[in-house]
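Results of the structural survey
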Amino acid sequence: MNIEKVLAKYTFEQWLYDEAKLLDEIEFDEWFNLMHPDLRYEMPVRVNKEGMERPDYSEDMFAFQDDINTLKIRVDRLKTEFAWAEMPPSRTRRFVSNVRIVELEEAERAVVDSYLLIYRSRSTDIHHDLISGERRDEFKFFNGEWKLSKRFFLVDQTTLNTRNLAIFV
Amino acid sequence: MIKTDICLEEMTQREIIQYLDETVKPDKGVIPAYIMGDPVIYDLEHKKVFLKTWLFLGHESEIPNNGDFITRDLAGHSVIISRGDDGVIRGFYNMCTHRGMKLCRADKGNKGRFTCPYHGFTFKNNGELIGVPMQKDIYGGNLDYKSMGLHQVTIDMYKGLIFGTWNDNPEPLSEFLGDFKWYIDLAVGRTHMEVVGPPQRFVIHSQWKIGADNFVSDSYHTMVTHGSIAKLGMVPNAAYSKKGYQVSAKNGHGCNIGMPNPVFAFPEELIPEYKENLSDKQFEVLSNLKNLIGTIFPNLSFLVSHTEVKGEAISNTTIRLWRPIAVNKMEVITWFLVEKNAPEDWKRRSREAFILTFSPSGIFEQDDTEVFTDITDAASGPIPLSKNFKYNYTMGRHRVPVKDFAGPGTVYNDKFSEANSRNFYRYWLDLMKA
Ligand code: FES
Ligand SMILES: [Fe+2]
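As its UniProt record puts it under Sequence similarities (unreviewed entry), chain B is described as follows: "Belongs to the bacterial ring-hydroxylating dioxygenase alpha subunit family."

Taking an unreviewed UniProt entry as the reference, chain A is identified by name as 3-phenylpropionate/cinnamic acid dioxygenase small subunit belonging to Scopulibacillus daqui. Regarding chain A, the UniProt comment filed under Sequence similarities (unreviewed entry) reads as follows: "Belongs to the bacterial ring-hydroxylating dioxygenase beta subunit family."

Following this line, the structure appears as structure tokens:
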């Protein structure tokens with residue numbers, strides 16, 4: 001592995017850790033600032049297929065399918081005093097690992113894979129939710145910074161074991 | 001006089017029913033909290049409601065081609081819904097008739113035949129047993145194939161909705177739905193509708209009736225629970241959900257019709273299709289429809305919602321099943337439907353609006369699930385029963401039904417009412433007592 005690759009891996013690991021921190025600490029405006037105006041933010045519905053048939057997710061139906069405008073609506077909503085689903089907010093902890101640089105054009109664009117595990121605890125409930133999956137992220141270099149231009153989150157459950165997706169993946 | 005040391009577990013079934021009859025008073029608007037949280041009621045309900053009535057399984061458009069199948073749950077039992085090579089849709093218990101292995105484990109697929117993973121018996125998609133490995137040798141040619149077909153499940157359809165039942169003597173589906181079909185037509189039969197993609201599924205720690213009840217009558221909660229949506233300008237104002245009609249139909253079905261709407265909520269290109277599929281009166285209601293929210297007893301709800309997304313008004317249509325898993329747990333399964341012949345861009349925008357508002361990430365949906373889980377929590381345990389805590393369902397009891405509405409049923413010209421919940425629990429109680 002050459003030094004550029006090592007640096008790039010470090011750069012994107014830090015990016016993803018910083019992002020996780022913002023989401024876990026409910027800094028939605030700062031989080032939203034990490035997004036590129038071209039953003040596509042998608043989470044397809046996972047399905048049980050017969051045997052080894054692939055892809056084992058839907059190409060027509062999504063739990064998230066946002067662009068920058070609809071994502072903005074979600075962020076703005078969480079700031080109104082009526083966003084009951086996250087009031088008080090869930091305690092979340094996002095674990096990001098297995099970061100791999102798939103494509104890299106220096107100071108241009110990058111494709112990065114990673115694993116994500118979200119621990120979610122609400123109120124006094126002793127049950128917790130776990131949301132596990134893989135991200136494929138695309139970044140564009142924009143005004144001197146890497147911005148997220150596409151996120152594809154492949155969740156590991158066909159029936160989600162969480163009361164809603166009022167949180168981001 | 002109501003006893004305070006009551007324990008349903010120690011009662012006979014007859015005594016439980018007697019106690020229900022004494023404490024559940026739908027006509028008076030009295031619904032006790034224990035019916036949401038007591039496991040004994042949940043078990044009795046499974047027997048008296050879920051094993052008796054018609055339950056939703058899927059939509060015809062999910063299996064458009066011969067050989068297509070889906071696997072679904074019918075009151076806790078896995079069933080295969082398959083379209084045979086003859087185009088006929090049939091239901092089968094998902095169990096091999098040899099020694100009981102589950103025959104099919106995919107959600108969906110296309111197969112002319114099902115081969116059991118245990119010993120390899122093969123069944124045609126019309127249920128017939130057609131192959132047994134080495135049968136001549138090991139059964140001496142004596143195996144009776146005819147008696148070993150898959151167990152059939154009773155199914156029937158209305159406007160593409162496939163229902164099944166375990167009842168050996170069910171009321172015909174068409175009669176069970178009755179007059180309420182007039183409104184079901186508006187939701188899913190206004191023209192050729194198709195399901196897009198697989199249904200979305202998620203599990204919440206909520207009693208199933210809370211969802212069914214919310215959709216059958218509760219327009220009132222929109223002001224507060226969904227207050228954020230009005231704040232964002234996606235719907236007119238916090239009281240927008242009051243205007244319109246609430247309709248109670250027989251067998252516990254009911255819906256809420258949001259009217260009027262200054263704009264046509266559906267693709268205008270399809271007006272000739274709507275006119276062809278609907279009566280004049282139905283079309284008139286459709287033309288003025290702002291939203292339509294209802295429940296087909298017991299646990300299938302439908303929703304037509306018209307919101308403003310990115311400055312443009314768009315409607316989306318969904319059906320959802322509140323599938324009980326335990327007394328305090330259900331799987332919510334949501335199907336998105338769209339007009340088959342709508343312009344592609346309209347379909348795309350309608351799906352986008354659905355995902356943003358009523359999918360598991362939906363900004364309407366998420367606030368509801370928060371409420372459902374907390375009601376369930378408060379209804380659980382011995383106290384709601386022993387202290388006889390009750391809910392108040394008296395809203396709108398003073399109202400007199402209107403006579404001049406275009407559609408059938410008992411119609412009130414205000415959506416803020418609990419008449420439909422009273423109607424829902426009345427039928428629920430009838431079934432529990434039967
Ligand atoms: S159980 Fe299916 S072949 Fe034996
Ligand atoms: Fe709601």
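Regarding the coordination of the iron ion (ligand 2)
Residues and elements named next belong to chain B. For the iron ion (ligand 2), the protein coordination sphere consists of His 221 (NE2), His 226 (NE2), Asp 368 (OD) and Asp 368 (OD), at 2.1 to 2.3 Å. What the four donor atoms of the iron ion (ligand 2) show is an angle range of 58 to 149 degrees at the metal, which sorts the shape as irregular. Here the donor residues for the iron ion (ligand 2) map to a single chain with the spacing H-x4-H-x141-D. Across the pair, His 226 and His 221 agree in class, each one buried.

Some details on the interface of chain A and chain B
Taken together, the 37 residues of chain A in the interface contact 42 residues of chain B. Interface area, chain A with chain B, both sides summed: about 3,400 Å², of which 56% is carbon and sulfur. Considering only the side of chain A, the residues that lose the most area to chain B are Met 61, Arg 77 and Arg 163 of chain A, jointly responsible for 20% of the buried surface there. Where chain A meets chain B, there are five salt bridges. When the shortest N-O distance is used, the salt bridge between Glu 370 of chain B and Arg 122 of chain A registers 2.7 Å. Where chain A meets chain B, there are 22 residue pairs in polar contact (both at pLDDT 80 or more). Broken down by secondary-structure element, the contributors of at least two residues to the side of chain A that touches chain B are β2 (57–66) and α3 (68–78) of chain A. With eight residues, β2 of chain A is the largest single contributor of residues to the side of chain A that touches chain B. Here the side of chain A that touches chain B is composed, by residue class, of 14 nonpolar, 12 polar and 11 charged.

Examining the sheet that holds strand β8 (residues 122–124) of chain B
Residues and elements named next belong to chain B. If you walk across this open sheet you meet the three strands as β7-β8-β9, and the pairing is antiparallel. Strands with a single pairing partner mark the edges of an open sheet, and in this sheet they are β7 (113–115) and β9 (129–131). Taking each pair of neighbouring strands and ignoring which way they run, the sheet shows an average axis angle of 35 degrees. Bridge analysis of β7 against β8 gives three bridges, and the strand direction is antiparallel.

Conventions we followed
- Residues numbered from 1 in each chain as written.
- Chains lettered and ligands numbered in written order.
- Predicted model: local features only at pLDDT ≥ 70, side-chain atom pairs only at ≥ 80, totals over all residues.
- Heavy atoms only, no water.
- UniProt positions renumbered as here; feature names shortened; annotations may be inferred.
- Donors = N, O, S within 2.8 Å, 3.2 Å for Na, K, Ca; no water.
- Tetrahedral: all angles 85-135°; square planar, octahedral: opposite > 155°, others 65-115°.
- Buried < 20%, exposed > 50% of the residue type's maximum accessible area, 1.4 Å probe, protein only.
- Contact = heavy atoms within 4.5 Å.
- Buried area = accessible area lost by both parts, 1.4 Å probe.
- Salt bridge = Lys/Arg side-chain N within 4 Å of Asp/Glu carboxyl O.
- Polar contact = N/O pair within 3.5 Å; in protein donor to acceptor, adjacent residues only side chain to side chain.
- Helix = DSSP H or I, 4+ residues; strand = E, 2+ residues; numbered from the N terminus.
- Nonpolar A, V, L, I, M, F, W, Y, C, P; charged D, E, K, R; others polar.
- Pairing = 2+ DSSP bridges.
- Axes fitted to C-alpha atoms, helices over the stretch in contact; angles between N-to-C directions.

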